[in-house]
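Spelled out, the chains give:
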Amino acid sequence: MMPATLLSGLPSLPGQRVNVFGEPDEEEFVRVAVPVVAHLSFADMLALLIESGGLVYAELDDDQAVRDALHFALLATDVVMFEDKAAAALTVLHGRGEPDTVKWARALAVAITRVYGVAA
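About the cut-offs
Along each chain, residue indices are assigned from 1 in the same order as the chain's sequence is written. It should be noted that, the model being predicted, local features are given only for residues of pLDDT at least 70 and side-chain atom pairs only at 80 or more, the latter also being counted only at that level, while totals for whole chains, interfaces and linings use all residues. Note that water and hydrogens are dropped before the side-chain values are worked out from all heavy atoms of the structure. Values of pLDDT, the confidence the predictor places in each residue, fall between 0 and 100. Helix numbering and strand numbering both begin at the N terminus, where a helix is a DSSP run of H or I of at least 4 residues and a strand a DSSP run of E of at least 2. Surface patches are drawn from residues lacking salt bridges whose relative accessible area is over 30%; two like charges belong together within 9 Å, two nonpolar side chains (Val, Leu, Ile, Met, Phe, Trp, Tyr) within 5 Å. Residue-level accessible areas treat just the shown protein chains as cover; the underlying method is Shrake-Rupley with a 1.4 Å probe. Whenever Lys or Arg places a side-chain nitrogen within 4 Å of a carboxyl oxygen from Asp or Glu, that contact is recorded as a salt bridge. Helix span, expected: 1.5 Å multiplied by one less than the number of residues in the helix. Burial here depends on accessible area, computed with a 1.4 Å probe over protein chains only, as a share of the maximum for the residue type. Under 20% is buried, over 50% is exposed, and the range in between is partly exposed. The contact rule is simple, with two residues in contact once any of their heavy atoms fall within 4.5 Å. Note on terminology: a nonpolar core comprises buried Ala, Val, Leu, Ile, Met, Phe, Trp, Tyr and Cys residues joined through side-chain atoms within 4.5 Å.

Peer 1: Honestly, the confidence of the model for the chain in this entry has me stumped. Any pointers?
Peer 2: A low pLDDT score tells you not to read the predicted coordinates there in detail. Of all residues in the chain, 88% attain a pLDDT of 70 or more, and the chain-wide mean is 85. Helix H4 (residues 99–116) holds the highest mean pLDDT among the elements of the chain, 96, whereas strand E2 (residues 30–31) holds the lowest, 83.

Written out as structure tokens, the structure is:
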């Protein structure tokens, strides 16, 4: 990755030494926030959260933890991958798969519906 360099004398640049999630870190390169809008279906979100492994059952009641896990999964995943896996995620949700995976998919589905207001 090529680091960005902020030019001195340009006060409007909001760069900071933060990690990719905006948390302060003096050992990181200077980064600027880049807003991104993604339009995700319920199946897209389910696939991203199943594949990312970024949540545990105890976090499913925490709306911010669900949002953060989805943001991380979106940043860390190839868009083509999760679109391809969305149908497979719905198949698991409907009971076709390993029992533990089906249980996890259903728990994620409840959290997705609560946090984002969408359902399968």
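Peer 1: I tried to follow a nonpolar patch on the surface on my own but got confused; where do I start?
Peer 2: A cluster of nonpolar residues, Val 20, Phe 21, Phe 72 and Leu 75, forms a patch on the protein surface that exposes about 410 Å² of accessible area. For Leu 75, the location among the structural elements is in helix H2 (residues 63–76).

Peer 1: Looking at this structure, I do not really get helix H3 (residues 79–93). What am I missing?
Peer 2: Three- or four-residue spacings in an α-helix give side chains the same orientation, since the helix completes a turn every 3.6 residues. Over its 15 residues, H3 runs 21 Å from end to end, which matches the ideal 21 Å to within 8%, given 1.5 Å per residue. All of the buried residues in H3 are Met 81, Phe 82, Ala 86, Ala 89, Val 92 and Leu 93. On its buried face, H3 is in contact with helix H1 (42–52), H2 and H4. Gly 95 lies just past H3 and shows a positive phi near 100°.

Peer 1: What should I look at first to understand the nonpolar core in this one?
Peer 2: For soluble globular proteins, the rule of thumb is that nonpolar side chains tend to be buried together. Ranked by size, the top nonpolar core spans 27 residues in total, and within it Leu 46, Leu 49, Leu 55, Leu 60 and Leu 108 carry the most contacts. Elements that contribute at least two residues to this core include exactly H1, H2, H3 and H4. Discounting chain neighbours no more than four positions away, the residues touching Leu 60 are Leu 55, Val 66, Trp 104, Ala 107, Leu 108, Ala 111 and Arg 114.

Peer 1: Explanation requested: the environment of Ala 47 in the structure shown.
Peer 2: Structurally, Ala 47 is set in helix H1. Judged by relative accessible area, which is 2%, Ala 47 ranks as buried. Considering only alpha carbons, one finds Ala 47 and Lys 85, 38 residues apart in sequence, at a separation of 5.8 Å. For Ala 47, the residues in contact, after removing those within four places along its chain, are Phe 82, Lys 85, Ala 86 and Ala 89.

Peer 1: Which parts of the structure should I look at to understand the pattern of salt bridges?
Peer 2: Working definition: two side chains of opposite charge can pair if their charged atoms are close together. Tallied over the entire structure, the rule returns three salt bridges. A salt bridge links Glu 28 to Arg 31, with the shortest nitrogen-to-oxygen separation between them at 3.0 Å. The residue Glu 51 makes a salt bridge to Lys 85 at a minimum N-O spacing of 3.6 Å. Pair noted here: Glu 51 is in helix H1 and Lys 85 is in helix H3, with a separation of 34 residues, a long-range link. Overall, Glu 51 belongs to the partly exposed group, its relative accessible area being 43%. Taking relative accessible area as the criterion, Lys 85 reaches 33% and is therefore assigned partly exposed.

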